[in-house]
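Coordinate inspection notes
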Amino acid sequence: NVTWVGRDAANGKAFWDINAALKLVEVPLGTKDRPEALVLYPVVEWHRQTTTATPVNKGSGKLALEWFPVPSAGHTMVPFATGNLQYTRDWEKQTWNTSATILGSIWSKNPWLPGAITRLADLTQAVRYYVYLGAEYFDKVPVVTGEPLYTGLARFSGEWNWLSWHDPTYRITQVLLEYTYRRRLSGDDGINRRLGLTAVEANLYLDRKGNLAIGYRYQRGDDPVKDFAYDEQSSVGLKLKF
């Protein structure tokens, strides 16, 4: 997605925000009867912000996994875990960084439970949410000198979609909400013990299939992409998924 931010809180000037990710082929590593129980896949990302106050120019390679230890058949809810190991190049600071994340959650097909697609009364709208608990590791954060950073993490992620009556893939508008709370578990200098990040998005899909959208985003809090610098911005952008 490519976003134009109309006003930088630091200096009042506009800037561009670019975020790109490419997920490569999935490798199933589960059992013979459940190969999808454990899936491994690489991802490459690029983040760029042209603001003069806190410029960002980072590229990364990430190895991610998804693990479903219990089959969904016969269970109301099943646990699952996601994890990733990431290696990042920061061209602004001329550094290499390593980070890792492990998150656990539950998934269900029953309405109103985490992971389930819940149709509202008129069947033209649907909501879904997830709740995650986990931990993160960062080997280098500029504001925490001389030691790695460990955090405990809790995250809520929800979406509200307007769909057509007959085709659940048909999508017109979407609202996304995400809140992440981090608790610093190591280090005592340079970074707050409690770190929060809130993001709200509203997307209008031009192709009705979720591939091309114009979106508005509001973000406020301690952003890990900016080494946990406090960030607050509103932006309008073009999003492409293929």
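Relevant structure appears above.
Here goes a summary of the coordinates provided. Because the structure is predicted, anything quoted here is derived from the model rather than measured. (Residues numbered from 1 in each chain as written. Predicted model: local features only at pLDDT ≥ 70, side-chain atom pairs only at ≥ 80, totals over all residues. Heavy atoms only, no water.)

1. Some thoughts on a nonpolar patch on the surface
A surface patch of nonpolar side chains, amounting to about 500 Å² of accessible area, comprises Leu-22, Leu-24, Val-25, Val-27, Leu-29 and Val-44. Relative to the helices and strands, Leu-24 resides in the loop between strand 2 (15-23) and strand 3 (27-28). (Patch = residues over 30% accessible without salt bridge, like charges linked within 9 Å, V, L, I, M, F, W, Y side chains within 5 Å. Areas by Shrake-Rupley, 256 points an atom, 1.4 Å probe, with all protein chains shown as cover. Salt bridge = Lys/Arg side-chain N within 4 Å of Asp/Glu carboxyl O. Helix = DSSP H or I, 4+ residues; strand = E, 2+ residues; numbered from the N terminus.)

2. Notes on the pattern of salt bridges
Counted under the stated rule, the structure contains 11 salt bridges. Glu-201 serves as the salt-bridge partner of Arg-217, at 2.5 Å between the closest nitrogen and oxygen. Of this pair, Arg-217 sits in strand 13 (residues 212-223) while Glu-201 is found in strand 12 (residues 194-205), placing the two residues 16 residues apart along the sequence. Between Asp-231 and Lys-226 there is a salt bridge, with the nearest N and O atoms lying 3.0 Å from each other. On the accessibility criterion, Lys-226 (9% relative accessible area) is buried. One continuous salt-bridge network, built from bridges that share partners, spans Lys-58, Asp-90, Lys-93 and Asp-227. (Buried < 20%, exposed > 50% of the residue type's maximum accessible area, 1.4 Å probe, protein only.)

3. Topic: the nonpolar core
Ranked by size, the top nonpolar core spans 7 residues in total: Phe-138, Val-141, Val-144, Leu-149, Ile-191, Leu-195 and Phe-228. Once residues lying within four places of it in the same chain are set aside, the contact partners of Val-141 are Leu-149, Asp-227 and Phe-228. With 5 residues, the next largest nonpolar core counts Leu-103, Tyr-130, Tyr-132 and Leu-153 among its residues. (Core = buried A, V, L, I, M, F, W, Y, C linked by side-chain atoms within 4.5 Å. Contact = heavy atoms within 4.5 Å.)

4. Here we look at unusual backbone geometry
Residues other than glycine predominantly adopt negative phi, and peptide bonds predominantly adopt the trans conformation. One non-glycine residue, Gln-94, adopts positive backbone phi at about 55°. Along the chain, Gln-94 falls in the loop between strand 6 (77-90) and strand 7 (95-108). The backbone of Trp-112 shows a phi angle near 75°, a positive value even though the residue is not glycine. Tracing the backbone through its elements, the reader meets Trp-112 in the loop between strand 7 and strand 8 (118-119).

5. What to know about the pairing of strand 7
Consecutive side chains of a regular strand alternate in pointing toward one face of the sheet and then the other. For strand 6 and strand 7, the ladder comprises 14 bridges, and the chain directions are antiparallel. Note on strand 7: the bridge partner recorded for Gln-86 is Ser-99. Of the strand pairs in this sheet, strand 7 and strand 9 (residues 125-138) are connected by 6 bridges, and their pairing is antiparallel. Bridging across to strand 9, Gly-104 finds its partner in Leu-133. (Pairing = 2+ DSSP bridges.)

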